[in-house]
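# Structural overview for review
Take a look at the letters that make up each chain.
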Amino acid sequence: MEPALISPAKMLLFGFIPTAIFSLLIPMIGVGLFAYIMAKRIIPLILASPDFRFDRICTRTINVLKLWLGQYRQPRYMVGGLIHILIFAGFIVLSIRSNQLVIVGLSEDFVVPGMGGIVGHIYNILKDYAATIVLITCIIAAVRRGLFSPERYKVPARYGKAHTGEAIFVLGMISVLMISESLFEASSVAASIQAGLHAEYLAPLSLAWFLKMMLLSSSKGTLQVVHILSYYVHDVTFFSFLCFLPMGKHFHVITSLFNVFFMKLDKGTIKPVKWGVTDEQLDDLESFGVKKFEDFTWKHMLDFYSCADCGRCSDQCPANAVGRPLSPRFISIKARELCFESYPLEKGAKISKGMPLIAGLLEDDDKGIYTEDEIWSCTTCGACEQECPIMIEYIDKIVDMRRGMVDEGAVPQSLQKPLKALEKRGNPWGKMEKKRAEWTKDLDVPVKILDKKTTADTLYFLDSITSYDDRIQDIAKATARVLTAAGIDFGILGKAEKDSGHEVRRFGEEMLFQDLKAKNTGAIEKAGVSNIVTTDPHAYNALKKDYDNLPPVEHISEVIAKAVTSGKIRLKPVENKELVFTYHDPCYLGRHNDMYDIPRDVLDAIPGLNRVDMTKSRDRSFCCGGGGLMLFYEPEEEMRMGQLRVEMAEEAGANVIVTACPFCMVNLEDAIKTSGLEGKMEAIDLVELIDNHLIME
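Small disclaimer: the values here were computed from a predicted structure and weren't measured.

Quick notes on the rules
- Residues numbered from 1 in each chain as written.
- Predicted model: local features only at pLDDT ≥ 70, side-chain atom pairs only at ≥ 80, totals over all residues.
- Heavy atoms only, no water.
- Helix = DSSP H or I, 4+ residues; strand = E, 2+ residues; numbered from the N terminus.
- Contact = heavy atoms within 4.5 Å.
- Areas by Shrake-Rupley, 256 points an atom, 1.4 Å probe, with all protein chains shown as cover.
- Lys, Arg positive; Asp, Glu negative; His and termini not counted.
- Charge placed at Lys NZ, Arg CZ, Asp CG, Glu CD.
- Buried < 20%, exposed > 50% of the residue type's maximum accessible area, 1.4 Å probe, protein only.
- Core = buried A, V, L, I, M, F, W, Y, C linked by side-chain atoms within 4.5 Å.
- Pairing = 2+ DSSP bridges.
- Axes fitted to C-alpha atoms, helices over the stretch in contact; angles between N-to-C directions.
- Patch = residues over 30% accessible without salt bridge, like charges linked within 9 Å, V, L, I, M, F, W, Y side chains within 5 Å.
- Salt bridge = Lys/Arg side-chain N within 4 Å of Asp/Glu carboxyl O.
- Domains from an automatic or database assignment.
- Right-handed = clockwise from strand over helix to strand, strands pointing away.
- Parallel < 35°, antiparallel > 145°, perpendicular 65-115°, else oblique.
- Left-handed = near helix turned anticlockwise from the far one by under 90°.
- Disulfide = S-S within 2.5 Å.
- Phe/Tyr/Trp six-rings, centres within 6.5 Å; stacked < 30°, edge-to-face > 60°.
- Nonpolar A, V, L, I, M, F, W, Y, C, P; charged D, E, K, R; others polar.

This brings us to the overall build of the chain. On a plain count of helices and strands, the chain comes out with 26 helices and 11 strands. With the principal axes as the frame, the chain shows a C-alpha extent of 105 × 60 × 45 Å. Considering only contacts in the chain between residues 6 or more positions apart, those separated by 24 or more positions represent 78%. Accessible surface computed for the chain: about 29,900 Å², of which carbon and sulfur atoms make up 59%. Measuring between centres, the 78 positive side-chain charges of the chain sit 1 Å from its 88 negative side-chain charges.

So, in structure tokens, the structure goes:
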């Protein structure tokens, strides 16, 4: 039976020109142009530094299903996330139809394998509704982006112009695809109904259904024109859209799947100086870190291509919140623009390899897309990476650029002294090694100093701030009492302990870190302990993620939780019922090690304790500002991160902030004073709170 309308595969334009010619030429030109653009875009990745991302294929596949296909992180911003999910889901559904239409222009009876019969009918209903939802969502998104744009989309003048126009243009192209596909279908069904022929069932109240109702009274000639015109509008738009994607921020439509597949799997770790180079071979390297664009790894370049410019990273970045010259979003955007400029698409255009990244670092003082202050402003808290829905990495890039600056001698003045002290004395204050154990004097419980003659089952690793800071030594003393109450045989390394090097490595001083690591590893091996416990999340993360072949490492909160559960430790009720406690999640305990519930369980084990959570808590906790040697750095900022955090605690109705990190304790106590809340609010470490509530036998 002949169809009511002539298909694009059989139509003759002006009575003698087969439209099938256009059905062949449009895909050929589109695919050829797309292949050319992609080949150009791949060149920088080929020239980039190596990166090992081909391990744990099963885990990576699961991540793709969860994070890319399942859009797991999108609802963290509910309105924008829901819009994205609907458009993404619609695209997935309609991708089958769009590819089928390309071939229908050459073979009108083509059916995608497996899409015949009942399956095909069900799919057609599904795609009709998908096209409708996508069109409505695109209209909502365009209005939202153009008239009610969220703050996170805005672009400060120093970073250039916003991409609102590009976003609305793409939404327009998507809308054209939805309308043209539905018109192509609707015109065919309307003509079939007029001719009394069998017509494809259109989903009621869908876009195609409404268009069919509008076209039912049209003449056959009009329907024929609409049918052919809508097909080629769809065809041209489809391939134009495909070629436009690699030109800007919508490149993520293509690259996000791969970016998620190759995502970093081990949170809290730092990439090697160079993949394939062992720690022992570092001395043989001529240059450290990232100084030029090509020094980035291919995965980090893929990150730049994949950035959707959604602003979620910067919206959660504490450095950005307090006015530091850092916005993670523009770390990606500026690098992508540099890549596009350095590797242009024009045939025969000059490729500008070796473009410097940081202004003034290399010989070209006037060039560079980042400033030194911009890179030093990061606390490595991980909030940006936790928020990104397509798993873009920032910490490794920033550490790599810091390595490059350190290699060139571009170290901030305020950090030069603590680095020299770390190199000479193994701590950033430059204090004598023998003073590491002075806090144990006059303590009411015995503390072993481990050596060849004195051994223990558990090592209490303090790290520098807990050993030397007068206020933080109180945490060490409380820990000794709690460990003793729990019946744990423990000791400390004393003068044999060096700084864990956690901040040193994230600062970019890799060789100094390797030296500290070697000395600590040797001392721990000599101590012969079976377990390690620490009160410092930074030391905890370093010993677990940066060191090799050590005994099991636990944070003190884990030890307390087990002791409470087993009954080795019993806790008395809170005496002051008016106190309201809130727990501040340290970045390197929470985001980098997923430890959120254990410290809260310990708090809740204290009878009568009234605990509330701040709005920014758990994996959205707000950094205190202490990571990455920030206790010694003097950044350009409008206010301190700790002050903003104290305000959040006050808004939650708390008057006691409990943390489980010495860095956080220093910053929060200082912020309470500078905020004028001294006497109204206090900060206390988790182990100190437990020590205060111990029931002594």
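This next bit is on the environment of V646. Its place among the elements puts V646 in helix α24 (residues 641–651). A C-alpha to C-alpha distance of 9.8 Å links V646 and H584, two positions 62 residues apart in sequence. Leaving out residues up to four positions away in the same chain, V646 has contacts with I657, L668, A671, I672, S675, L677 and M681.

We now examine helix α2 (residues 57–69). Residues of α2 that are buried: R60, N63, V64, L67 and W68. Looking at the buried positions of α2, the neighbouring elements they touch are α3 (78–104) and α8 (252–261). Two residues or fewer after α2 comes Q71, characterised by a positive phi angle close to 50 degrees.

Before going further, it helps to spend a moment on the nonpolar core. With 198 residues, the main nonpolar core has F293, L357, W439, Y460, I532 and V658 as its most contacted residues. Here L357 is in contact with V290, K291, K292, F293, F296, L338, G368, I369, Y370 and M401, once residues within four sequence places are set aside.

With that settled, consider the side chain of D585. With respect to the element layout, D585 can be found in the loop between β8 (581–583) and α23 (597–604). Looking at D585, the relative accessible area reads 1%, which means it is buried. Once residues lying within four places of it in the same chain are set aside, the contact partners of D585 are M595, Y596, R600, S617, R618, S621 and R645.

What follows is about the sheet that holds strand β3 (residues 448–449). Strand order across the open sheet formed by five strands is β3-β5-β4-β6-β7, with parallel pairing between neighbours. Edge positions in the sheet fall to β3 and β7 (553–555), since each of these pairs with one other strand and no more. Bridge count between strand β4 (residues 458–460) and strand β6 (residues 531–534): three bridges; the pairing is parallel. When the sheet's bridge partners are listed, L459 is paired in β6 with I532. Running over the sheet, helix α18 (residues 473–485) touches β4, β5 (490–492) and β6 and is turned about 160 degrees from β4. On top of the sheet, helix α22 (residues 556–566) reaches β6 and β7; it is set at about 80 degrees to β7, its chief contact.

By secondary structure assignment, the location of F34 is in helix α1 (residues 20–47). When sequence neighbours within four positions are dropped, the list of residues in contact with F34 reads L242, C243, P246 and I254.

Turning our eyes to something else, we now look at a nonpolar patch on the surface. Taken together, the side chains of L13, F14, F16, I21, F22, L24, L25, M28, I29 and L106 present a nonpolar region at the surface, about 1,000 Å² in accessible area. The leading source of residues in the nonpolar patch is α1, at six residues. Looking at the secondary structure, you find I21 in helix α1. Among the residues examined, I21 registers a relative accessible area of 41% and is labelled partly exposed.

Attention now goes to the domain arrangement of the chain. Domain boundaries in the chain define domain 1 (16–261), domain 2 (282–407), domain 3 (414–565) and domain 4 (581–692). When each unit is reduced to the centre of its C-alpha atoms, the spacing between domain 1 and domain 4 is 46 Å.

Where β6 and β7 come together, three bridges link them in parallel fashion. Bridge assignment links V533 to a residue of β7, and that residue is E554. You can see the chain leave β6, run along helix α21 (residues 537–546) and come back into β7, and the turn it takes is right-handed.

Of the strand pairs in this sheet, strand β10 (residues 656–659) and strand β11 (residues 682–685) are connected by four bridges, and their pairing is parallel. Directly across from I657, in β11, lies its bridge partner A683. Regarding the hand of the β-α-β motif, the stretch spanning β10, helix α25 (residues 662–674) and β11 is right-handed.

Turning to a positive patch on the surface, a few remarks are in order. A surface patch of like charges, here positive, comprises K431, K434, K435 and K441. Mapping K441 onto the fold places it in the loop between α16 (413–425) and β3.

Attention now moves to unusual backbone geometry. Backbone geometry at R56 places phi at a positive 45 degrees, although glycine is not the residue there. The backbone phi angle of T380 is positive, close to 60 degrees, even though this residue is not glycine. Residue placement: T380 occurs in the loop between α13 (372–376) and α14 (383–387).

What follows covers the packing of helix α5 (residues 164–195) against helix α6 (residues 207–215). Where α5 meets α6, the closest approach of the two axes is 8 Å, and the angle between their N-to-C directions is 50 degrees. The angle between the axes of α5 and α6 places the two elements in the oblique class. Read as a crossing pair, α5 and α6 show a hand that is right-handed. Every residue of α6 that contacts α5 at M178, I179, S182, L183, A186, S187, V189, A190, I193 and Q194 is listed here: L207, A208, L211, K212 and L215.

On to the state of the cysteines. Tallying each qualifying case throughout the model produces zero disulfides. Just so you know, C243 is unpaired, no disulfide at all, and the nearest cysteine sulfur is the one on C339, 18 Å from it. The class for C243 is buried, based on a relative accessible area of 10%. There is no disulfide at C317, and the cysteine sulfur nearest it, in C381, is 6.3 Å away.

Let us now look at the packing of aromatic side chains. In total, this model carries 22 aromatic pairs according to the counting rule given. Measuring from centroid to centroid gives 5.2 Å for F169 and F244, while their planes differ by 70 degrees, and the two rings are edge-to-face. Highlighted residues: F169 in helix α5 and F244 in helix α7 (residues 220–244), separated in sequence by 75 residues. Given a relative accessible area of 24%, F244 falls into the partly exposed group.

What follows concerns the sheet that holds β8. Read from one edge of the open sheet, four strands run β9-β8-β10-β11, paired in parallel fashion. For this open sheet the edge positions go to β9 (611–612) and β11, each flanked by a neighbour on one side alone. Sheet analysis places β8 next to β9, joined by two bridges and oriented parallel. Residue pairing across strands places F581 opposite R611, the latter belonging to β9.

Turning to the packing of α3 against α7, a few remarks are in order. At a closest axis distance of 11 Å, the pairing of α3 and α7 adopts a crossing angle of 115 degrees. Note on packing geometry: the crossing formed by α3 with α7 is left-handed. For the pair α3 and α7, the contacting residues are F91, S98, N99, L101, V102 and V104 in the first and Y231, H234, D235, F238, F239 and F241 in the second. Partitioning the contact of α3 with α7 into residue classes produces eight nonpolar, three polar and one charged.

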